[in-house]
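For reference, the chains in residue letters:
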Amino acid sequence: MRGVTAGSESVLELLPLVFADPGEARVRAERVLDTAAPPLHASVAHQVLGIWQRDFGDLRIALRHLRRARDLAARAESADREADVLATLGVALVHAGRTRQGLASFERGVARGTGHTRARVLFRRAYVWWVLGHHREALEDVRRALPVLRQLGDDIWTARALTLRATVHLALGAVDRAVADFTAAERLWDTTGQEHDKADAVESRGLAAFRSGDIPAALRLLDEAEERYAKLGTPTYMLSERRCEVLMAAGLAPEALAEADAATALLDRIGGQSTRKAELLLAAARAARSAGDAHTAIARAAVAVRLFAAQRRMWWETHARLVLIEARVAAGRRSGRMVADAAAVAERLASFGSPAAPEASLLAGRIALALGWTEDAERHLSVAARSRHGGAPTARVTGWAAQALRARAAGSRRGVLEACRRGLDVLDDHRMTLGASELQAHATAQGAELAALAQEMGLAQGDPRRLLVWSERWRATVLSAPPTRPPADPALLSGLTAYREIAARAEGARMDGRPVPALEREQRRLEREIRSRTRHMRGAAPGSGDRFDVARLLDRLDDARLVELAVVDGRVHVLLCGQGRVRRFDGGPLAEAVAEAEYVQAGLRRLAHPGADARLPLVEAAGVRLQELLLGGAAAHLGPGPVVIVPPGALHRVPWALLPALRDRVLSVSPSAGSWLRARETEPPPDGRAVLVRGPGLATGGAEVVELADRYGGATVLEGDAAQVPRVLAELDGAGLAHLAAHGTFRADSPLFSALRMADGPLIVHDFERLARSPYRIILSSCDTARLASVGADELLGLVTALLPLGTAGVVASSAPVNDAAVVPLMLALHKGLGAGLSLAEALGDARAALPGDAVHQATGWAFAAFGAA
């Protein structure tokens, strides 16, 4: 740099240091200003402080430092020094929303700089073009800067330019080009000490992995980048924005919304970058829309549109307008003006080369269809449908959704079903790349519309078999493939151990009436860490799931009847399978059935306590109403044999044994017909050993375990200090029968942290997922162990659904609070039936019939259900 003396070298080192170690650079810059530094040195120090405040602090303070740095550079009569500061100032002005002033600062910087400095100015202007959404201009400035930086051997700035070019390529959907540039940049970073830039490179690779469709790798790399940033003490606003995008693609929209809102609030508190705030508001709007919160999405998107417009960021503004229109449609608004607006957005996005253009065309087509404008709808949907043949999975699904809507509008049932099948196949392959059951379950939400369209066509054709196939096609898909075992990750294992200890201490403190906030905060932190690590798992190969076969189901039913409840347009349709055929009966409105089921659950909670006998007739009457809504005319055609109920996720808490037509039957429940088939065909382990576990704190002390220990002479009994999680898991692995008498806790907010209380703390779903093979039969004798969270299209997460894919063929569990004392005779009668060679469903039916007729015992019997087919 011209005009710089040898004595200036140590001061100039502060500029690269601000990206390698921002905190140290800030301290040293302040130290320079505490001395009588010459103008050139003071200019560098103010520039360093301006960069720090711009990226990690208050933008207003940053602008003051950078203007002072510019003035001092002019006094030092160093044209290159002034050009360098003008570029830094230009970036800050654009981030502050002062786009015109920022670009003018760059014009002066390009004119003042020469050689090396000018190349760096061009790189930073390219960055600003990217921020503004001017991708062609960004690529042009990088093209001009890169040869100079390479020729001068400036590895740091060459790597930055390559990283920026890769990021622009990603915005344009050119993933392969982006990966090549990221790879080249990372090779250069390995030769430098720029820790902040290295963290940024890891973050960028995470974004590239996401664009390539590898969500587990994206989450792992973003988590690694966050750890690197944390060591440097730097905020992570862009990282939050990118993680939101990945979380939404994984179906975790509420989590994405919380992250975006938290980052925005932090940015507001410190007076941070206006540009970053707008981007986070857009991320929040997208997340709220995906989470079904249309009003929040409208509010966030409207503010984002205004901010982007004021910042002259047309590319970003157009994307925000797309989300705003989508949210308004979700809120029930339709108009011709909205068709025109969506079409204009689609055209603008296409001119930008944005991958979101098909989504906007699909939106315009949807609105036009709702208004009955078939010609307009066909025009927009045909454009959107082009994306079905290439690109990321989400883009192809968008294309197939558009094709399905086109076929429906044209009256082609075959075309609708073909498009739905192809679109769900794309999502199946995508879902199978995810290892965590949580991510697999949530990811199915993206196929809900396609599955619903196909069911609608199956119903319209009057073919119950076809309706059954499509009802099964996107139901309980997580249970259709072999589970991915968590890796032998020492950090994950130590995290689970630490979580157990902290959770036990926190629970003990709450029970003593003195909760400790610090313990609860640490418990939440460990939950986040465990959740993050399990999400890094990759899934099996595409196509490894099990496809449903109606003929096989009918053959395996023998004299049983399987009742699958399909929901189409908000109404229940009863599919009765048996005797070699599938018949359909009409049920009632789903919303009424859900409300009635909640009423019954409230009644069972009351009946779990003595003195509530007067409520028994009310609960029984509600059972009659539930039968009318859920079985309709099928109730008279169930035959004398066993019955398997396959409810949708919204009805998983119905106590099916309460329904009059099912009360005296051999009855079992399954998340899907396919999962029942797999359970039916699961072979028991050869030794059939029994394991009995008694956890702490039960009102009866787990009294049934004492008697069962005598009945099962060679059983392993774990109680007291022996009932600790590692020992319990070791004994459960591969057992033939397990009976766990332990307090159950269902976590609606995070179902995979639902737990059974052991001597050393909670045994959670994540622990069960580490089993090589879970017990063939499991009996969970405490409250709420059958409660599940309905997520995705029609998936269920909880203890029961975690066990079924792991080798368990049958589970007995409760979906409601139960009376501990009344549980003991029910469990003893149940095991008596098992000892006589009965299945879990047969033994549970006999055990219910053997209970006393009082309200507490009857309610206890109804609360328990047999899941699976063992």
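Residues numbered from 1 in each chain as written. Predicted model: local features only at pLDDT ≥ 70, side-chain atom pairs only at ≥ 80, totals over all residues. Heavy atoms only, no water.

> I would appreciate a short explanation of the nonpolar core in the present structure.
Across soluble globular proteins, you tend to see nonpolar side chains buried next to one another. The biggest cluster of nonpolar side chains holds 105 residues, and the ones touching the most others in it are Leu630, Trp656 and Leu740. Top element by residues in this core is helix 37 (residues 820–835). It accounts for seven residues. Filtering out sequence-adjacent residues up to four positions away, Trp656 remains in contact with Leu565, Leu630, Ile645, Pro647, Leu651, Leu662, Leu667 and Val669. Ala304, Ala356, Ala436 and Trp474 belong to the second-largest nonpolar core, a separate cluster that totals 99 residues. (Core = buried A, V, L, I, M, F, W, Y, C linked by side-chain atoms within 4.5 Å. Buried < 20%, exposed > 50% of the residue type's maximum accessible area, 1.4 Å probe, protein only. Helix = DSSP H or I, 4+ residues; strand = E, 2+ residues; numbered from the N terminus. Contact = heavy atoms within 4.5 Å.)

> Is there a simple way to think about the packing of aromatic side chains in this case?
The description of two aromatic rings rests on the distance between their centres and on the angle between their planes. Applying the stated criterion across every chain yields a total of five aromatic pairs. Where Phe123 meets Trp157, the ring centres are 5.6 Å apart and the plane angle is 85°; that geometry is what we call edge-to-face. Here Phe123, found in helix 8 (residues 115–132), pairs with Trp157, found in helix 10 (residues 155–171); they are 34 residues apart in sequence, far enough to count as distant. Classification of Phe123 as buried rests on a relative accessible area of 10%. The class for Trp157 is buried, based on a relative accessible area of 11%. With centroids separated by 5.7 Å and ring planes inclined at 25°, the aromatic side chains of Phe308 and Trp316 adopt a geometry described as stacked. Assigned by exposure class, Phe308 and Trp316 land together as buried. Put simply, the rings of Phe308, Trp315 and Trp316 pair up and form one aromatic cluster. (Phe/Tyr/Trp six-rings, centres within 6.5 Å; stacked < 30°, edge-to-face > 60°.)

> Before we go on, may I ask you to explain helix 17 (residues 294–310) in this structure?
Helical periodicity: at 3.6 residues per turn, an α-helix aligns residues three or four positions apart in one direction. End to end, helix 17 covers 24 Å across 17 residues, agreeing with the expected 24 Å (1.5 Å per residue, within 8%). Listing the buried residues of helix 17 in full gives Ala294, Thr296, Ala297, Ile298, Ala301, Ala304, Val305 and Phe308. Structurally, helix 17 contributes buried residues whose contacts are with helix 16 (274–290) and helix 18 (314–330). (Expected span 1.5 Å × (residues − 1).)

> I tried to follow the packing of helix 27 (residues 490–511) against helix 28 (residues 517–535) on my own but got confused; where do I start?
Packed helix pairs are specified by the crossing angle of their axes together with the interaxial distance, meaning the distance between the axes. Closest axis-to-axis distance for the helix 27/helix 28 pair is 9 Å, and the angle between their directions is 150°. As judged from the angle between their axes, helix 27 and helix 28 are roughly antiparallel. The handedness of the crossing between helix 27 and helix 28 comes out as left-handed. Counting all contacts with helix 27, which are made through Ala491, Leu492, Gly495, Leu496, Ala498, Tyr499, Ile502, Ala503, Arg505, Ala506 and Arg510, the residues of helix 28 involved are Leu519, Glu520, Glu522, Gln523, Leu526, Glu527, Glu529, Ile530, Arg533 and Thr534. For the contact of helix 27 with helix 28, the per-class residue count stands at eleven nonpolar, three polar and seven charged. (Axes fitted to C-alpha atoms, helices over the stretch in contact; angles between N-to-C directions. Parallel < 35°, antiparallel > 145°, perpendicular 65-115°, else oblique. Left-handed = near helix turned anticlockwise from the far one by under 90°. Nonpolar A, V, L, I, M, F, W, Y, C, P; charged D, E, K, R; others polar.)

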